[in-house]
Amino acid sequence: MKVIKKRKYNMATNNTMITSNQKAQAGRLIITPDEVRTLSNISDNVNSKVLAAAIRTVQDDELMLIVGEPLLDKLKDVKENGGPEIYTEVIEKAKMFIINKVIAELIVMINYK
């Protein structure tokens, strides 16, 4: 039997309320801004906070649609604590996807501040 998670809503503003567990999950990145700079042609003068925001957006929105939330959480755990080799191989493949999408996301974020 599959359990469906219900989102909490703030009735005053009609926005989704974020739980503390979701905040902790959102703070974890599969790839760091320094790794993105090393593996791509993004220069050092791009603000790390902007780069981290782009990584978080790509990782939590686009990558999650491909791999699903449970696998994304597992990849974050493996990145932090180590784990089986099969997950590290998936992380390496996901890094290249994230880097390419981050480059596209940065164009929008930087131009429409």
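The following refers to the structure shown.

### So, helix α5 (residues 85–111)
Across its 27 residues, α5 extends 39 Å between first and last C-alpha, which sits within 8% of the 39 Å expected from 1.5 Å per residue. Turning to α5, its buried residues are I91, A94, K95, I98, I99, V102 and L106. Tucked inside the fold, the buried residues of α5 contact α2 (33–39), α3 (48–67) and α4 (69–81).

### So, the packing of α3 against α4
The N-to-C vectors of α3 and α4 enclose an angle of 115°; their axes lie 7 Å apart at closest approach. Two packed elements cross with a definite hand, and for α3 against α4 that hand is right-handed. Taking contact as the criterion, the partners of Q59, D60, L63, M64 and V67 in α3 are, on α4, E69, L71, L72 and K76. The class makeup of the residues in the contact of α3 with α4 is five nonpolar, one polar and three charged.

### Focus on the side chain of R28
Here R28 is to be found in the loop between α1 (20–27) and α2. Within the local environment of R28, its side chain forms a polar contact with the side chain of D77, the two groups lying 2.5 Å apart. Not counting the four nearest positions on each side in its chain, R28 is found in contact with Q59, D73, K76, D77 and E80.

### Quick look at the side chain of D60
The residue D60 is located in helix α3 in this model. Exposure remark for D60: the relative accessible area of 17% places this residue in the buried category. Polar side-chain contacts of D60 include one of 3.3 Å to the side chain of K76.

### Quick word on the environment of I98
With respect to the helices and strands, I98 occurs in helix α5. Among the residues examined, I98 registers a relative accessible area of 0% and is labelled buried. Taking the C-alpha atoms as reference, I98 lies 8.9 Å from I30; in sequence the two are 68 residues apart. Ignoring sequence-local partners within four residues, the contact set of I98 consists of I30, I31, I55, V58 and L63.

Conventions we followed
- Residues numbered from 1 in each chain as written.
- Predicted model: local features only at pLDDT ≥ 70, side-chain atom pairs only at ≥ 80, totals over all residues.
- Heavy atoms only, no water.
- Helix = DSSP H or I, 4+ residues; strand = E, 2+ residues; numbered from the N terminus.
- Expected span 1.5 Å × (residues − 1).
- Buried < 20%, exposed > 50% of the residue type's maximum accessible area, 1.4 Å probe, protein only.
- Contact = heavy atoms within 4.5 Å.
- Axes fitted to C-alpha atoms, helices over the stretch in contact; angles between N-to-C directions.
- Left-handed = near helix turned anticlockwise from the far one by under 90°.
- Nonpolar A, V, L, I, M, F, W, Y, C, P; charged D, E, K, R; others polar.
- Polar contact = N/O pair within 3.5 Å; in protein donor to acceptor, adjacent residues only side chain to side chain.

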